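What follows is the residue order along each chain.
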Amino acid sequence: MNSADQRVAPRDLPEALAAVETADRAGLLDLWREVIGAPPPKNLSLPFLRRALAFELQCQMLGGPKARTIEDLGRIATGSASRASVGTKLRPGAKLVREWQGRTWTVEVIDGGFLMGGKRYVSLSAIARKITGARWSGPRFFGLTGDAGRDAPPTKPSQRGKAA
(Lines give C-alpha, C1' and ligand atoms only; values in the text may rest on other atoms or scores of the structure.)
Protein backbone atom coordinates (compact mmCIF):
# COMPACT_ATOMS: atom_id res chain seq x y z
CA MET A 1 0.00 0.00 0.00
CA ASN A 2 1.32 3.43 -0.80
CA SER A 3 0.67 6.76 0.85
CA ALA A 4 -2.03 7.65 -1.68
CA ASP A 5 -4.27 4.99 -0.10
CA GLN A 6 -4.45 6.94 3.14
CA ARG A 7 -4.37 10.40 1.53
CA VAL A 8 -7.96 10.44 0.22
CA ALA A 9 -11.01 8.90 1.87
CA PRO A 10 -13.76 7.29 -0.27
CA ARG A 11 -16.11 10.17 0.59
CA ASP A 12 -13.62 12.47 -1.19
CA LEU A 13 -13.62 10.39 -4.38
CA PRO A 14 -15.90 12.74 -6.40
CA GLU A 15 -13.55 15.65 -5.69
CA ALA A 16 -10.48 13.58 -6.58
CA LEU A 17 -12.06 12.48 -9.87
CA ALA A 18 -13.06 16.05 -10.70
CA ALA A 19 -9.45 17.12 -10.09
CA VAL A 20 -8.26 14.43 -12.53
CA GLU A 21 -10.67 15.74 -15.18
CA THR A 22 -9.45 19.33 -14.89
CA ALA A 23 -5.71 18.76 -14.35
CA ASP A 24 -3.21 19.72 -17.03
CA ARG A 25 -0.60 17.28 -18.38
CA ALA A 26 2.04 18.18 -15.79
CA GLY A 27 -0.49 17.78 -12.98
CA LEU A 28 -1.59 14.38 -14.32
CA LEU A 29 2.01 13.18 -14.56
CA ASP A 30 2.66 14.27 -10.97
CA LEU A 31 -0.53 12.57 -9.82
CA TRP A 32 0.52 9.40 -11.67
CA ARG A 33 3.79 9.30 -9.72
CA GLU A 34 1.91 9.86 -6.48
CA VAL A 35 -0.93 7.37 -7.07
CA ILE A 36 0.87 4.66 -9.02
CA GLY A 37 4.20 5.06 -7.26
CA ALA A 38 6.25 4.86 -10.45
CA PRO A 39 7.17 7.19 -13.30
CA PRO A 40 4.51 7.31 -16.03
CA PRO A 41 5.27 5.66 -19.38
CA LYS A 42 6.26 8.09 -22.09
CA ASN A 43 3.78 9.43 -24.67
CA LEU A 44 0.52 8.61 -22.87
CA SER A 45 -2.40 10.65 -24.18
CA LEU A 46 -4.29 12.94 -21.83
CA PRO A 47 -7.54 10.94 -22.16
CA PHE A 48 -5.68 7.73 -21.30
CA LEU A 49 -3.92 9.35 -18.34
CA ARG A 50 -7.25 10.58 -17.01
CA ARG A 51 -8.98 7.20 -17.41
CA ALA A 52 -6.09 5.26 -15.89
CA LEU A 53 -5.79 7.60 -12.91
CA ALA A 54 -9.54 7.64 -12.32
CA PHE A 55 -9.58 3.83 -12.39
CA GLU A 56 -6.62 3.56 -10.05
CA LEU A 57 -8.07 6.08 -7.58
CA GLN A 58 -11.36 4.19 -7.51
CA CYS A 59 -9.56 0.88 -6.99
CA GLN A 60 -7.47 2.28 -4.15
CA MET A 61 -10.41 3.93 -2.42
CA LEU A 62 -13.19 1.43 -3.05
CA GLY A 63 -11.33 -1.81 -3.75
CA GLY A 64 -10.19 -3.23 -7.05
CA PRO A 65 -11.92 -5.61 -9.43
CA LYS A 66 -12.97 -8.99 -8.09
CA ALA A 67 -10.45 -11.82 -8.45
CA ARG A 68 -12.85 -13.58 -10.82
CA THR A 69 -12.89 -10.51 -13.08
CA ILE A 70 -9.08 -10.47 -13.16
CA GLU A 71 -9.09 -14.19 -14.05
CA ASP A 72 -11.62 -13.58 -16.83
CA LEU A 73 -9.52 -10.74 -18.25
CA GLY A 74 -6.46 -13.01 -18.26
CA ARG A 75 -8.46 -15.73 -20.00
CA ILE A 76 -9.74 -13.26 -22.62
CA ALA A 77 -6.20 -11.93 -23.18
CA THR A 78 -5.03 -15.45 -24.06
CA GLY A 79 -7.90 -15.91 -26.53
CA SER A 80 -10.10 -18.12 -24.38
CA ALA A 81 -13.70 -17.42 -23.49
CA SER A 82 -14.47 -15.75 -20.18
CA ARG A 83 -16.46 -17.46 -17.45
CA ALA A 84 -19.12 -14.83 -17.96
CA SER A 85 -19.84 -16.17 -21.42
CA VAL A 86 -22.64 -18.63 -21.93
CA GLY A 87 -20.18 -21.37 -22.87
CA THR A 88 -19.18 -21.84 -19.27
CA LYS A 89 -22.77 -22.45 -18.22
CA LEU A 90 -22.96 -25.19 -20.82
CA ARG A 91 -20.88 -28.27 -20.34
CA PRO A 92 -18.48 -29.45 -23.03
CA GLY A 93 -20.20 -32.02 -25.20
CA ALA A 94 -23.59 -30.27 -25.10
CA LYS A 95 -25.18 -29.67 -28.48
CA LEU A 96 -27.24 -26.67 -29.49
CA VAL A 97 -29.59 -27.06 -32.44
CA ARG A 98 -31.25 -24.17 -34.25
CA GLU A 99 -33.25 -24.08 -37.43
CA TRP A 100 -32.76 -20.96 -39.52
CA GLN A 101 -34.47 -20.34 -42.85
CA GLY A 102 -35.09 -24.02 -43.50
CA ARG A 103 -31.62 -25.21 -42.50
CA THR A 104 -30.71 -26.92 -39.25
CA TRP A 105 -27.53 -25.77 -37.54
CA THR A 106 -25.80 -27.83 -34.84
CA VAL A 107 -23.24 -26.32 -32.50
CA GLU A 108 -21.16 -28.36 -30.06
CA VAL A 109 -19.94 -26.86 -26.80
CA ILE A 110 -16.21 -27.45 -26.33
CA ASP A 111 -13.72 -26.28 -23.71
CA GLY A 112 -13.25 -22.53 -24.19
CA GLY A 113 -15.75 -22.12 -27.00
CA PHE A 114 -17.97 -23.74 -29.59
CA LEU A 115 -17.59 -25.90 -32.68
CA MET A 116 -19.75 -25.59 -35.79
CA GLY A 117 -18.99 -27.18 -39.13
CA GLY A 118 -15.49 -28.11 -37.97
CA LYS A 119 -14.63 -24.48 -37.18
CA ARG A 120 -13.98 -23.21 -33.63
CA TYR A 121 -15.76 -20.08 -32.37
CA VAL A 122 -15.18 -18.23 -29.10
CA SER A 123 -18.77 -16.97 -28.82
CA LEU A 124 -22.29 -17.93 -29.77
CA SER A 125 -22.78 -14.41 -31.10
CA ALA A 126 -20.08 -15.00 -33.73
CA ILE A 127 -21.92 -18.15 -34.78
CA ALA A 128 -25.29 -16.35 -34.89
CA ARG A 129 -23.74 -13.68 -37.09
CA LYS A 130 -22.25 -16.33 -39.39
CA ILE A 131 -25.65 -17.99 -39.73
CA THR A 132 -27.85 -14.90 -40.09
CA GLY A 133 -25.49 -12.31 -41.55
CA ALA A 134 -26.71 -9.85 -38.89
CA ARG A 135 -25.51 -8.81 -35.45
CA TRP A 136 -27.47 -10.94 -33.06
CA SER A 137 -27.09 -12.09 -29.46
CA GLY A 138 -25.89 -15.67 -29.72
CA PRO A 139 -27.46 -16.83 -26.45
CA ARG A 140 -30.75 -15.26 -27.53
CA PHE A 141 -30.50 -16.71 -31.03
CA PHE A 142 -30.04 -20.21 -29.60
CA GLY A 143 -32.86 -19.75 -27.07
CA LEU A 144 -30.68 -19.62 -23.96
CA THR A 145 -32.18 -16.42 -22.56
CA GLY A 146 -35.64 -15.71 -21.20
CA ASP A 147 -36.51 -13.34 -24.04
CA ALA A 148 -35.55 -15.69 -26.88
CA GLY A 149 -39.00 -15.90 -28.43
CA ARG A 150 -40.03 -12.26 -28.13
CA ASP A 151 -38.73 -10.98 -31.44
CA ALA A 152 -37.74 -12.76 -34.58
CA PRO A 153 -34.04 -12.37 -35.40
CA PRO A 154 -33.23 -9.80 -38.07
CA THR A 155 -33.33 -11.25 -41.54
CA LYS A 156 -31.74 -10.35 -44.81
CA PRO A 157 -34.10 -9.96 -47.74
CA SER A 158 -34.02 -13.09 -49.86
CA GLN A 159 -32.75 -12.72 -53.39
CA ARG A 160 -34.01 -16.15 -54.35
CA GLY A 161 -36.98 -16.34 -56.64
CA LYS A 162 -36.93 -12.70 -57.71
CA ALA A 163 -37.10 -11.97 -61.39
CA ALA A 164 -34.22 -10.02 -62.84
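Above this text is the structure in question.
Described in the following lines is the structure provided in the data block. Counting starts from 1 at the beginning of each chain's written sequence and moves along it residue by residue. Local features are withheld for residues below a pLDDT of 70 in this predicted model, meaning they are given only at 70 or higher, and side-chain atom pairs are given and counted only at 80 or more; totals for whole chains, interfaces and linings count all residues. Excluded from the side-chain calculation are hydrogens and water; included are all heavy atoms of the structure.

Attention now moves to the pairing of strand E3 (residues 113-116). Sheet topology note: the strand E2 (residues 103-110)/E3 ladder contains 3 bridges and is antiparallel. Note on E3: the bridge partner recorded for isoleucine 110 is glycine 113. Hairpin connection from E2 to E3: 2 residues lie between these consecutive antiparallel strands, with glycine 112 at a positive phi of about 75 degrees. Here, strands pair whenever DSSP counts at least two bridges between them. Helix numbering and strand numbering both begin at the N terminus, where a helix is a DSSP run of H or I of at least 4 residues and a strand a DSSP run of E of at least 2. Where E3 and strand E4 (residues 119-121) come together, 3 bridges link them in antiparallel fashion. The residue of E4 that forms the bridge with phenylalanine 114 is tyrosine 121. Where E3 hands over to E4, the hairpin turn is made up of 2 residues, of which glycine 117 adopts a positive phi near 60 degrees.

Before going further, it helps to examine a nonpolar patch on the surface. A surface patch of nonpolar side chains, about 290 Å² in accessible area, is lined by Ile70, Leu73 and Ile76. With respect to the helices and strands, the residue leucine 73 is situated in helix H5 (residues 67-77). A patch is a set of surface residues, each over 30% in relative accessible area and not in a salt bridge, joined within 9 Å for like charges and within 5 Å for the nonpolar side chains Val, Leu, Ile, Met, Phe, Trp and Tyr. For every accessible area listed, the method is Shrake-Rupley and the probe measures 1.4 Å; residues are considered covered only by the protein chains on display. Should a side-chain nitrogen of Lys or Arg be within 4 Å of a carboxyl oxygen of Asp or Glu, the pair is scored as a salt bridge.

So far we have only geometry, and geometry alone does not tell us how the molecule works.
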